[in-house]
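What follows is the residue order along each chain.
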Amino acid sequence: MPGRRLGRARLRVAAAVGATTLLGTVAVAAGPAQAAPAKLPAKAPAPTAACSTPYKIEQTLDGGTTWRMCWHYESKAGLVLDDVSYQPKSESAPIKVLTSAKLGQIHVPYDDGSNEYDDLTGQGFSQGLMQLDPAECPGGTIKTVRVPDAWDPSRPDVKGLCATTRARGHAYRMSGEGDKVFQRQGKDLLLYTVNQVGWYEYITEWRFSGDGTMSMQVGATGALSPMDYDAGDGRGWPIGKGVKDFATSHAHNVFWRLNFGLDGSPKSKIEQYDSKTTATSGQIPKTKTTRKQVTKELAGDAAEARWWRVVSTAGKNKDGHPRSYEIVPGHTTKYQGRSYTKHDVYFTEYNKCEQFATHNLRNCGRGAGKSVDKWVTGQTLKHPIVWVNIGFHHIARDEDQEPMPVHWQGFQLAPRDVTAMNPLTPPALSGHNGHTEEAG
């Protein structure tokens, strides 16, 4: 892999990727196999057959939950997860959740206006896949990834995808009668890659929990660029001895692109919930939550008491409730400098051409635009694509030297009525579903 690239202008990649960038193509490789690159489908993808063994991930976690998925690797987005399904021990068959999930962009604007980067489509994110040391994937397997348009054509294969499990602490705890305590220490299935862009190294994590929760996050680490110690406009932060070197502040705006396939159907519904609390003198405040059906494309803004969920139209849990996943954003710093970073979520109608939230490489037709905000045109949502934007404003500090501690940004997808009860419920509590009468 190439070493660090000097200077802020990380444009060495332009020559490295050559004609691929100029033509706007997206090459795909699923691993070390010699198969021809896959092509994007001409229409919305239907459920596919199970992938072959090198590209398959299947993990049964403590408590009996099994996650299954396939993976491939693209020339711009990097790791892509396909056909993600979730099967708790109480379900006789896997529950399909996601048709595909991947990064949609990492947008990096500098505070002083000197530079602005789109790390996926313009800075060789995918080609910067780093080889992992076995110590970085304890108890797991490091899979070999074939990198399309590899910087070194003679070495296209990189041991760069870790699949392992990692403890996450309490999955639940509940005190029972007497001294009985019901508790479980949970483990997650963890998949991650490390991609180098300039002086940064991005750790892209995908976590899958036994209770059906999915956690997506990107961690930035590596080093501060010493060529950026020149912020003399009052926006930088002093690094090193005295007040001579100023690291240039900048933002990392990370987008994810999620193509849901709940219960095997792309025809999900989007719902928005808002809660409002009113207080009357002398009385306990009351809160009312209202539901809004999002039937047309939307650029959504998070509020203190607002959330969204993606609802299945093809399946219900054993209580007869439609399955859904709630979008749970993590902490974000919203960047106001670009129209596409001014919103927290976007719901757009499926279009095979719309692959990246900014600097989209494909020509999607006259007037379509190159960013996700331009695709919110009022179309009716029949097959919604979910885009999540989480921002981080990086004002450097002395502790960022060196190596830089990882700073994380991300979100969760939380199951809402996917199962009738907690999928990890112990047998002794399995009858505690809904209203029960105490014995007289």
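That block above? That's the structure.
Here the structure is a predicted model, which means the values were calculated and not measured. Chains are numbered independently. Their residues run from 1 in the order of the written sequence. A pLDDT threshold of at least 70 governs which residues receive local features in this predicted model, and a stricter bar of 80 or more applies before side-chain atom pairs are shown or counted, although totals over entire chains, interfaces and linings include all residues. Water and hydrogen atoms were dropped before computing side-chain values, which therefore reflect all heavy atoms in the structure.

Enquirer: Can you lay out the overall build of the chain for me, pointing to particular residues and giving the numbers?
Expert: Helical segments are the DSSP runs of H or I of at least four residues, strand segments are the runs of E of at least two, and each set is numbered from the N terminus. Helices and strands together make up the secondary structure of the chain, namely 3 helices and 22 strands. Throughout, exposure labels follow a simple rule: accessible area from a 1.4 Å probe, protein chains only, divided by the maximum for the residue type, with under 20% read as buried, over 50% as exposed, and the rest as partly exposed. The burial tally for the chain puts 49% of its 440 residues in the buried class. Across the chain, the fraction of contacts at a sequence separation of at least 24, relative to all contacts at a separation of at least 6, is 65%. Within the structure as shown, the chain displays about 20,800 Å² of accessible surface, and the carbon and sulfur contribution to it stands at 51%. By the convention used here, residues are in contact when the closest approach between their heavy atoms is within 4.5 Å. Working definition of accessibility: Shrake-Rupley area with a 1.4 Å probe, residue cover restricted to the visible protein chains.

Enquirer: Can you lay out the state of the cysteines for me, pointing to particular residues and giving the numbers?
Expert: A pair of sulfur atoms, both from cysteines and within 2.5 Å, is called a disulfide here. Per the counting criterion, the structure on display carries 3 disulfides. One disulfide in the model links Cys353 with Cys364; its S-S distance is 2.0 Å. With the S-S dihedral at roughly -95°, the linkage between Cys353 and Cys364 falls on the left-handed side. Taken as a pair, Cys353 in the loop between β20 (345-349) and β21 (384-394) and Cys364 in the loop between β20 and β21 lie far apart in primary sequence, 11 residues in all. Across the chain, the disulfide pattern expressed with sequentially numbered bonded cysteines is 1-2, 3-4, 5-6.

Enquirer: Tell me what's going on with the sheet that holds strand β7 (residues 141-146), and back it up with residues and numbers.
Expert: Read across the open sheet, the 10 strands follow the order β7-β8-β9-β10-β11-β22-β19-β18-β15-β16; overall the sheet is antiparallel. What marks the edges here is a single partner per strand, and that holds for β7 and β16 (286-294). Averaged over all neighbouring strand pairs, the angle between strand axes comes to 25°, with direction disregarded. DSSP bridges decide pairing: two strands pair if at least two such bridges lie between them. Examined bridge by bridge, β7 and strand β8 (residues 157-175) share 6 bridges and lie antiparallel to one another. A fitted line through C-alpha atoms serves as each axis, taken over the contacting stretch for helices, and the angle formed by two N-to-C directions is quoted from 0 to 180°.

Enquirer: A description of the packing of aromatic side chains should follow, citing residues and the corresponding values.
Expert: Geometry of aromatic contacts follows a simple scheme: Phe, Tyr and Trp rings, the Trp one being its six-membered ring, pair when their centres are within 6.5 Å, and the pair is stacked under 30 degrees between planes, edge-to-face over 60, tilted otherwise. Counted according to the given criterion, the structure contains 10 aromatic pairs. Seen in terms of ring centroids, Tyr200 and Tyr202 are 6.1 Å apart; in terms of plane orientation they differ by 15°. Their pairing is stacked. The same class applies to Tyr200 as to Tyr202, namely buried. For the pair Tyr273 and Trp307, a centre-to-centre distance of 4.2 Å together with 5° between the ring planes defines the contact as stacked. Of this pair, Tyr273 sits in strand β15 (residues 269-278) while Trp307 is found in strand β18 (residues 306-316), placing the two residues 34 residues apart along the sequence. We classify Tyr273 as buried; its relative accessible area is 11%. One aromatic cluster is present, built from ring pairs that chain together Trp67, Tyr86 and Phe208. Consider the ring centre and the ring normal. A charge sits over the ring if Lys NZ or Arg CZ is within 6 Å of that centre and within 35 degrees of that normal. Above the ring of Phe356, the side-chain terminus of Lys102 is found at 5.1 Å from the ring centroid.

Enquirer: Kindly report on the pairing of strand β22 (residues 404-416), identifying the contributing residues and their values.
Expert: Relative to β22, strand β11 (residues 214-222) runs antiparallel, the two being bridged by 8 bridges. Along β22, the bridge assignment pairs Ala220 with His407. In terms of strand pairing, strand β19 (residues 322-329) meets β22 through 6 bridges, oriented antiparallel. Counterpart to Tyr325 in the pairing with β22 is Pro415.

Enquirer: Would you mind going over the nonpolar core in detail, with residue names and values included?
Expert: Within this scheme, the nonpolar core is defined by two criteria: the residues are buried Ala, Val, Leu, Ile, Met, Phe, Trp, Tyr or Cys, and they are joined through side-chain atoms within 4.5 Å. Judged by nonpolar contacts, the single largest core of 69 residues is most densely connected at Trp67, Leu191, Phe208, Leu258 and Tyr325. At 7 residues, strand β5 (residues 95-109) tops the list of elements feeding residues into this core. Among residues more than four places away in sequence, those in contact with Leu191 are Ile57, Met69, Leu81, Leu161, Cys162, Ala163, Thr204, Glu205, Trp206 and Phe208. Listed in part, the 9 residues of the second largest apolar core include Tyr346, Tyr350, Trp375 and Trp387.

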